[in-house]
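One-letter residues, chain by chain:
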2 protein chains.
Amino acid sequence: MENNKITIHDIAKKLNINSSTVSRALNNSPRVTQKTKDKIIAAANEMGYQRNLLASSLRTSRTHTIGIIVPRISRHFFSSAIAGIEETAYEAGYHVFICQSLEQLEREQNLVNTLLANRVDGVMVSISMETENYDHFQGLKNRGVPLVFFDRHCDIPGYNTVLIDDFRAGFEATEHLIVQGCKNIAHLSGPQNVEIYKNRFKGYQKALEKYHIPFKEEMVFSSRLMEKDGAESAKSILALNTKVDGLFSANDVAAIGAMQYFKEKGIKIPHDIAIVGFSNEPISGIMEPSLTTIDQPGFEMGRLATNLLVSQIENKAKEIMKETIVLKPSLIERRSSIK
Amino acid sequence: MENNKITIHDIAKKLNINSSTVSRALNNSPRVTQKTKDKIIAAANEMGYQRNLLASSLRTSRTHTIGIIVPRISRHFFSSAIAGIEETAYEAGYHVFICQSLEQLEREQNLVNTLLANRVDGVMVSISMETENYDHFQGLKNRGVPLVFFDRHCDIPGYNTVLIDDFRAGFEATEHLIVQGCKNIAHLSGPQNVEIYKNRFKGYQKALEKYHIPFKEEMVFSSRLMEKDGAESAKSILALNTKVDGLFSANDVAAIGAMQYFKEKGIKIPHDIAIVGFSNEPISGIMEPSLTTIDQPGFEMGRLATNLLVSQIENKAKEIMKETIVLKPSLIERRSSIK
DNA sequence: CTGTTAGCGCATTCAC
DNA sequence: GTGAATGCGCTAACAG
């Protein structure tokens, strides 16, 4: 039917008015009569007009788009977070540009530049496991593009951040195992440049300390916390001289990898080894209730982070404030007692 | 350090040359001396120049961005497909704008318009379960924006499509159950406006026919194939007069829901009821090998669909060809025999 | 090889 | 309340 590209000029010509009026009408400016507005909007619909956001953004230097960089969209936590982000962003009139770093620093760096080149109004990041410095975020700061970290944040102060209390999560997870009777508790930890893993580890140590259980270096297995890392760590755990009877994993995926390995070896969960990991709904749901998990409120974090970002974007005139929102983790016990 | 917005004019001024030359140099045009190129690139880096893609795209009417609409990014099949799409797109010099319809027609319609307004160079869609007509894709055609359907396609000819042979998948799944000794095989089916579900259903019927097993309407449970739908169907299956001993589910999620329900009720899989579903790696991996699955080559489909789309985009001068690529499904048996 | 000019589509001054 | 003119930053056409 309608051909290719209809511009405000085309509809102005047809109505024998000026394109500025059309522009104003379509932006619902109060400086246009309702009558002419109606006429213009009717004509626009009829002609199949569609605003060219590129031109509009070029002119206003606002894209109403926010960029988000996560390690991997298929991870349950991140897809929940994205759901929260999209919902909130949509309500505030923003679109979301979703990007995956795939845990690679180089990709993360490129993505920041891509987002910058696309002139997004703000950026939300959960850093990759390889990210140890933050130079690549400097460009955002130079351009005055608001940035919010969520979940996997950095330890440099002065950034806006939404996170959960990971120290507390680690502490409670470990305490839970201790209270249930575990004596030798191993820990699967992640790269220490990522604050969440560092803090979960600290929580683990603190819980041991509280219950006067000696901390042993060899009980901590550091890896990138993929499924196979969990399995490998499980193998190492079985090879230890000490008989391990509890395990706290710093993420969901590694916990699952470890659990699988243990099961293959005929080890009973939680009877022989009790595990506390993090929630991963699609998987948690189909497992027998052998895993106690810590819930990560991804959706909620997404919402909060987006609100924070949007308020930064829209108050850019004022000095950008630095804010940190801390959420409480919650332990989900799938059974009344472990041992 | 560097301030806000540096344009090609700024760097032209600094070097006492014309901005067109700068533009040409930055686009690596052969019509600029290597010397001046080097000089310009050096200056650009030094000044922290970053191309404004909005302006560039406005001028060239090419964004080098492709939009993709899937029902839900967290679904294993789609996240694999997205991985394939991103990889291929990146190689071809395109960015990917990922959107989720969340199985809602209205969202799908809005997303098409959003992509259009953002002037993406092409679009890839796997339709929602609610999508029964295709008017909302008309705008793409009018604008000459190439469109490729993958996996969940439509039955209207004249569109580019990448799909797997779903009839064959349904047939082989059902045949597998029959050969393993199942006599009463139920089927979990999805909305029949979605071709893949229709064809899987047809394959199921054809297999029954081949083995002279009477088809019974009450053995088919139609739903939106969510996890809870699978569970509900499982409940209905147990309430039947006929004792069902085999189940073919038209997707992975419903199969998992059904399996959980059966297990809760103490029914042994596959001894009491054998199930064939579709692969869902993160979940398949942690289950005991009780589920035979059909592999959906998401990554491969993503690659193929992207290649198809890119070739359409880049040959837009010629008439747009219509092509359908059909992939073979492959049955993955996790154990040698079921019964 | 490089400079000049014009315009992509829109929003925003400034007039009236 | 509406029209005319200008420019966002870039690239393409045409000169030279």
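Positions within a chain are numbered from 1, following the residues in the order the chain's sequence is written. Written order determines the labels here, with chains lettered from A and ligands numbered from 1. For this predicted model, a pLDDT threshold of at least 70 governs which residues receive local features, and a threshold of 80 or more governs which side-chain atom pairs are given and counted, while totals over whole chains, interfaces and linings are taken from all residues. Hydrogens and waters are ignored; side-chain quantities use all the structure's heavy atoms.

Q: For this particular structure, what's the right way to read the domain arrangement of chain A?
A: A common way to express how large an interface is: the accessible area buried when the components associate. All names here are of chain A. Just so you know, the domain bounds were taken from an automatic or database domain assignment. Entries for chain A in the domain assignment read domain 1 (3–51), domain 2 (63–163 + 298–327) and domain 3 (166–296). The C-alpha centroid of domain 3 is placed 29 Å from the C-alpha centroid of domain 2. Counting residues at the interface gives 17 residues for domain 2, matched by 17 residues for domain 3. We define buried area as the total accessible area lost by two parts upon association, computed with a 1.4 Å probe and summed across both. With both chains or domains summed, domain 2 and domain 3 bury close to 1400 Å², and 54% of this area falls on carbon and sulfur atoms. For salt bridges, the criterion is a side-chain nitrogen of Lys or Arg within 4 Å of an Asp or Glu carboxyl oxygen. Where domain 2 touches domain 3, the interface holds one salt bridge. Where Arg 224 meets Glu 130, a salt bridge forms, and the shortest distance between an N and an O atom there is 3.7 Å. Any pair of N or O atoms that falls within 3.5 Å is considered a polar contact. Within protein, one atom must be able to donate a hydrogen and the other to accept it, and sequence-neighbouring residues count only if both atoms are side-chain atoms. Summed over the shared surface of domain 2 and domain 3, the result is four residue pairs in polar contact (both at pLDDT 80 or more). A class-by-class count of the residues in the side of domain 2 that touches domain 3 yields four nonpolar, five polar and eight charged. Note on contacts: a residue pair qualifies if any of its non-hydrogen atoms lie within 4.5 Å across the two residues. Gly counts as polar in this scheme, as do all residues outside two lists: the nonpolar Ala, Val, Leu, Ile, Met, Phe, Trp, Tyr, Cys and Pro, and the charged Asp, Glu, Lys and Arg.

Q: What is the right way to look at the packing of aromatic side chains in this model?
A: For any pair of aromatic rings, the description consists of the separation of the ring centres together with the inter-plane angle of the planes. Residue and element names in this part refer to chain B. Any Phe, Tyr or Trp ring, taking Trp's six-membered ring, that has another such ring centre within 6.5 Å forms a pair; planes under 30 degrees apart are called stacked, those over 60 apart edge-to-face, and the others tilted. All chains considered together, the criterion is met by 19 aromatic pairs over all chains. With a centroid separation of 5.3 Å and an interplanar angle of 90°, the aromatic rings of Phe 137 and Phe 149 are classed as edge-to-face. Note that Phe 137 is positioned in the loop between β3 (122–125) and α7 (138–143) and Phe 149 in strand β4 (residues 147–150), a separation of 12 residues in sequence. Judged by relative accessible area, which is 1%, Phe 137 ranks as buried. Buried, partly exposed and exposed residues are distinguished by accessible area as a fraction of the type maximum, computed with a 1.4 Å probe on protein chains only: under 20%, between the cut-offs, and over 50%, respectively. For Phe 149, a relative accessible area of 0% translates into the label buried. On the basis of an interplanar angle of 25° and a centroid distance of 6.2 Å, the ring pair of Phe 201 and Tyr 204 is categorised as stacked. Residue Phe 201 and its partner Tyr 204 are both found in helix α9 (residues 195–210); the two are separated by three residues, about one turn of the helix. A relative accessible area of 15% means that Phe 201 is categorised as buried. Each helix corresponds to a stretch of at least 4 residues labelled H or I by DSSP, and each strand to a stretch of at least 2 residues labelled E; elements are numbered beginning at the N terminus.

Q: Help me out: how do you make sense of the sheet that holds strand β6 (residues 185–189) of chain B in this one?
A: Hydrogen bonds between backbone groups are what pair the strands of a sheet, and the pairing can be parallel or antiparallel. Residues and elements named next belong to chain B. Read from one edge to the other, the open sheet built from six strands follows the order β7-β6-β8-β9-β10-β12, with strand pairing classed as mixed. Unpaired on one side and paired on the other, β7 (220–222) and β12 (330–332) mark the two borders of the sheet. Sheet twist, expressed as the average angle between the axes of neighbouring strands with direction ignored, equals 20°. Orientation is described by axes fitted as lines to C-alpha atoms, over the contacting stretch for helices, and by angles from 0 to 180 degrees between their N-to-C directions. Docked against the sheet, α9 engages β6, β7, β8 (246–249) and β9 (274–278), running at close to 170° with respect to β6. Against the sheet, helix α10 (residues 227–239) touches β6, β7 and β8, its axis set at about 150° to β6. DSSP-based pairing: two strands are paired if at least 2 bridges between them are found.

Q: Would you explain the side chain of His 187 of chain A in this entry?
A: Residues and elements named next belong to chain A. Mapped onto the elements, His 187 comes out in strand β6 (residues 185–189). Owing to a relative accessible area of 0%, His 187 belongs among the buried residues under this scheme. If we skip the residues at most four places from it in the chain, His 187 touches Arg 200, Phe 201, Tyr 204, Met 219, Val 220, Phe 221, Leu 247, Phe 248 and Ala 250.

Q: I'm lost on the pattern of salt bridges in this one. Help?
A: Pairing between side chains becomes possible if they bear opposite charge and their charged atoms approach one another. Residues and elements named next belong to chain A. In this structure the tally under the stated criterion is 26 salt bridges over all chains. Notably, a salt bridge pairs Glu 87 with Arg 303, separated by 2.4 Å at the nearest N-O pair. Highlighted residues: Glu 87 in helix α5 (residues 76–91) and Arg 303 in helix α13 (residues 298–314), separated in sequence by 216 residues. On the basis of relative accessibility, which here comes to 36%, the residue Glu 87 falls in the partly exposed class.

Q: What is the right way to read the relation of the copies chain B and chain A from this model?
A: The second copy of the chain is related to the first by a rotation about an axis and a shift along the axis. Here the copies are matched by least squares. The fit uses the C-alpha atoms of residues with pLDDT of at least 70 in both. Relative to chain A, chain B is turned by 180° and slid 0.1 Å along the rotation axis, the superposed coordinates differing by an RMSD of 0.1 Å. Viewed as a symmetry operation, the transformation between the two copies matches a two-fold axis. Residue by residue, 100% of the interface of chain B is reproduced at the interface of chain A, so both copies engage with the same surface.

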